[in-house]
Amino acid sequence: MKKPDTLRRTILSFVPTLAADPAKLSFFVDKGRIAARAGGTLSLEYRYTLNVVIEDYAGDVDDLMVPLLAWIAEQQPDLFEGTDPEPFAFESELLDADRADVSISVELTEAVRVTPKEGGGFDADHLEEPRHLDEFPGICCVNLWQLFMRDQLVAQTSDPAFVSDA
């Protein structure tokens, strides 16, 4: 399964407090299932609930949710389609006024095309999700500009006017 790793990289890229202490971020695959059909192929689809746990989180909860929505728009866009307007669920244990343990659950699928190799064995190719980039204005593929000075994040914005070509 590839999606948990891409989500981990996204969260660590866009949530500086977790990038500074990645041990607070854990991933669990729950209710994993395999979908496959007879018909001369071993291609399959992973279906599972990804549970993302952030322990002792002291940042703004929006800093977690917005990158997650952008990631879902790119990696699992079908969660924005249909009649259910809730692409994921979360729970939080409020530890005090500034800190919480947060658990996020998102239903994911990963299609895998399996093809035989000459001489034996097989190749398993994890397929990309169909792209619906124009269907998610303001969410998917938003450029998030970050300014670093001496490896320290000093500013970030999704406003392209923030960055000058000069």
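Attention here is on the structure that accompanies the text. (Residues numbered from 1 in each chain as written. Predicted model: local features only at pLDDT ≥ 70, side-chain atom pairs only at ≥ 80, totals over all residues. Heavy atoms only, no water.)

**Let's talk about the pattern of salt bridges**
Move 1: Taken as a whole and assessed by the stated rule, the structure comprises eight salt bridges.
Move 2: Note that Asp56 is salt-bridged to Arg99, the shortest N-O span being 2.2 Å. Pair noted here: Asp56 is in strand 2 (residues 44–57) and Arg99 is in the loop between strand 3 (89–94) and strand 4 (100–116), with a separation of 43 residues, a long-range link.
Move 3: Judged by relative accessible area, Asp56 falls into the partly exposed class, the value being 26%.
Move 4: On the accessibility criterion, Arg99 (30% relative accessible area) is partly exposed.
Move 5: Put simply, Arg113 and Asp125 hold a salt bridge, and the shortest N to O gap is 3.0 Å. Placement of Arg113 in strand 4 and of Asp125 in strand 5 (residues 122–126) is noted, with a sequence separation of twelve residues between them. (Salt bridge = Lys/Arg side-chain N within 4 Å of Asp/Glu carboxyl O. Helix = DSSP H or I, 4+ residues; strand = E, 2+ residues; numbered from the N terminus. Buried < 20%, exposed > 50% of the residue type's maximum accessible area, 1.4 Å probe, protein only.)

**Here's the deal with unusual backbone geometry**
Move 1: The backbone of Lys31 shows a phi angle near 55 degrees, a positive value even though the residue is not glycine.
Move 2: Mapped onto the elements, Lys31 comes out in strand 1 (residues 25–35).
Move 3: In this structure, Asp56 is a non-glycine residue whose phi angle is positive, near 55 degrees.

**With respect to helix 3 (residues 62–75)**
Note on helix geometry: an α-helix contains 3.6 residues per turn, so any two residues three or four positions apart are oriented the same way.
Move 1: Its 14 residues place the ends of helix 3 19 Å apart at the C-alpha level, agreeing with the 20 Å of an ideal helix rising 1.5 Å per residue.
Move 2: Those residues of helix 3 that fall on the buried side of the exposure criterion are Leu64, Met65, Pro67, Leu68, Trp71, Ile72, Ala73 and Gln75.
Move 3: Looking at the buried residues of helix 3, the elements they touch are helix 1 (3–14), helix 2 (16–20), strand 2, strand 3 and strand 4. (Expected span 1.5 Å × (residues − 1). Contact = heavy atoms within 4.5 Å.)

**Comments concerning the pairing of strand 2**
Move 1: Pairing of strand 1 with strand 2 involves nine bridges; the strand directions are antiparallel. What sits directly across from Val29, in strand 2, is Leu50.
Move 2: For strand 2 and strand 4, the ladder comprises twelve bridges, and the chain directions are antiparallel. Directly across from Ile54, in strand 4, lies its bridge partner Val102. (Pairing = 2+ DSSP bridges.)

Coordinates in, geometry out; function isn't part of it.
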